[in-house]
Amino acid sequence: MKEVIKVEQLTKSYGNFIAVDNVSLSVSRGMVFGLLGANGAGKSTTIECILGTKNPDSGQVSILELNPKADRKSLFEKVGVQFQEMNYQEQIKVSELCEVTASLYQNPLNYIELLMEFGIGDKQKSLVKDLSGGQRQRLFIVLALIPNPEVVFLDELTTGLDAKARRDVWKTLMRLKEKGLTILLTSHFMDEVEALCDRICILKKGRIVFEGTVLEAVNSSPCDKFEDAYLWYTDEEEEANENL
Ligand SMILES: Nc1ncnc2c1ncn2[C@@H]1O[C@H](COP(=O)(O)OP(=O)(O)OP(=O)(O)O)[C@@H](O)[C@H]1O
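Note that the structure is a prediction, hence the values are computed from the model and not measured.

A word on the UniProt feature "domain: ABC transporter" (unreviewed entry) in the chain. With numbering matched to this structure, UniProt assigns "domain: ABC transporter" (unreviewed entry) to residues 5-230. Secondary structure within residues 5-230 divides into 35% helix and 26% strand; the distance between the first and last C-alpha atoms comes to 24 Å.

Listed below in structure tokens is the structure:
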């Protein structure tokens, strides 16, 4: 199977407001796919529709050739999701949260190795609530990877991480990609997108304004640098200049 994620003509509105407008995309096995766009462009809504946690108004979605809603049980073992926020018991320790998560899956990865790989191996005995924002963010990536998934969704991958932690996360993800992991991520950091993504899709007000490689994005714009090209596609630069 080549296509791990397939989205066809996805549309989702909140009342009269169209948050995702006729979006189609496909992600092949082992690919890192970046879903980009300004705040409110529709990235999270698209991901939630792909995962089946939101109902689209129209369009088709499949993950690993399965329907995210109808085949939820089969997909549970194969799909990892990084949450931005999570409800956990007030007094739960890092190791306990990892153990509980691992116990839900048939072939979980070794969470101690993952915690070490993400630079929080020494925090096993800490309460989750006592972690710094960046440490908690890294823990959420670990939790997404514990199932040993075939595909992982990473929303705002390294927001809040320091420079070294970001590089470490990139390295680990590249290693997992080499093993065949498919990754769909969102990020507001264009250096990260350049370093990681094989293909990108840029959303603007719910619509796709570019789909292709980073290099193609630069070449199809009047800009030399990817970040400038990204701003050109999203018109953020124009709007920023207007506010000066
Ligand atoms: N439950 C909701 N009810 C009404 N409007 C919503 C709801 N969820 C999202 N929206 C609106 O839909 C649009 C897309 O939101 P979404 O969260 O998908 O954007 P995003 O690209 O993920 O943004 P960010 O980068 O800030 O996370 C926004 O204008 C948002 O205000």
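Pairing in this open sheet of six strands is mixed, and the strands run β5-β6-β7-β3-β8-β9 from one edge to the other. Pairing within the sheet leaves two strands with one partner each, and these edge strands are β5 (79-82) and β9 (207-212). Averaged over all pairs of adjacent strands, the angle between their axes in this sheet comes to 15 degrees, without regard to strand direction. The pairing of β5 with strand β6 (residues 151-154) spans four bridges and is classified as parallel. Residue pairing across strands places G80 opposite V152, the latter belonging to β6.

Our focus in this paragraph is the site of the ligand. Taken together, Y14, A19, G37, N39, G40, A41, G42, K43, S44 and T45 make up the full set of residues adjacent to the ligand. By residue number, the principal contributor to the shell around the ligand is helix α1 (residues 43-51), which donates three residues. Among the residues making up the shell around the ligand, the classes are represented as three nonpolar, six polar and one charged.

Turning to helix α3 (residues 94-103), a few remarks are in order. When α3 is considered as a whole, its buried residues turn out to be V94, L97 and C98. For α3, the angular spread of the buried residues around the axis is 100 degrees, confining them to a single face. Packing partners of the buried residues in α3 comprise α4 (111-117) and α5 (133-145).

As paired elements, strand β3 (residues 32-37) and strand β8 (residues 199-204) share five bridges and run parallel to each other. Across the sheet, residue L35 finds its bridge partner in β8, namely C201. The pairing of β8 with β9 spans five bridges and is classified as antiparallel. Its bridge partner being in β9, K204 is matched across the sheet by R207. Hairpin connection, β8 to β9: the antiparallel pair is bridged by two residues, and K205 has positive phi, about 50 degrees.

So, about the nonpolar core. The biggest cluster of nonpolar side chains holds 66 residues, and the ones touching the most others in it are V142 and I183. No other element matches the seven residues that α5 contributes to this core. Once residues lying within four places of it in the same chain are set aside, the contact partners of V142 are C98, Y111, L114, L115 and F118.

What the three strands build is an open sheet, ordered β2-β1-β4; its pairing is antiparallel. Unpaired on one side and paired on the other, β2 (17-28) and β4 (58-63) mark the two borders of the sheet. Taken over all neighbouring pairs, the strand axes of this sheet differ in orientation by 15 degrees on average, direction set aside. Pairing between strand β1 (residues 3-14) and β2: eight bridges, direction antiparallel.

The backbone of E65 sits at a positive phi, close to 65 degrees, despite the residue not being glycine. Within the secondary structure, E65 sits in the loop between β4 and α2 (72-76). By the C-beta count within 10 Å, which is 10 here, E65 ends up exposed.

Conventions used here
Residues numbered from 1 in each chain as written. Predicted model: local features only at pLDDT ≥ 70, side-chain atom pairs only at ≥ 80, totals over all residues. UniProt positions renumbered as here; feature names shortened; annotations may be inferred. Helix = DSSP H or I, 4+ residues; strand = E, 2+ residues; numbered from the N terminus. Pairing = 2+ DSSP bridges. Axes fitted to C-alpha atoms, helices over the stretch in contact; angles between N-to-C directions. Near = placed C-beta within 6 Å. Nonpolar A, V, L, I, M, F, W, Y, C, P; charged D, E, K, R; others polar. Buried ≥ 20, exposed ≤ 12 C-beta atoms within 10 Å, placed from the backbone. Arc of directions from axis to C-beta. Contact = placed C-beta atoms within 7 Å. Core = buried A, V, L, I, M, F, W, Y, C linked by C-beta atoms within 7 Å.

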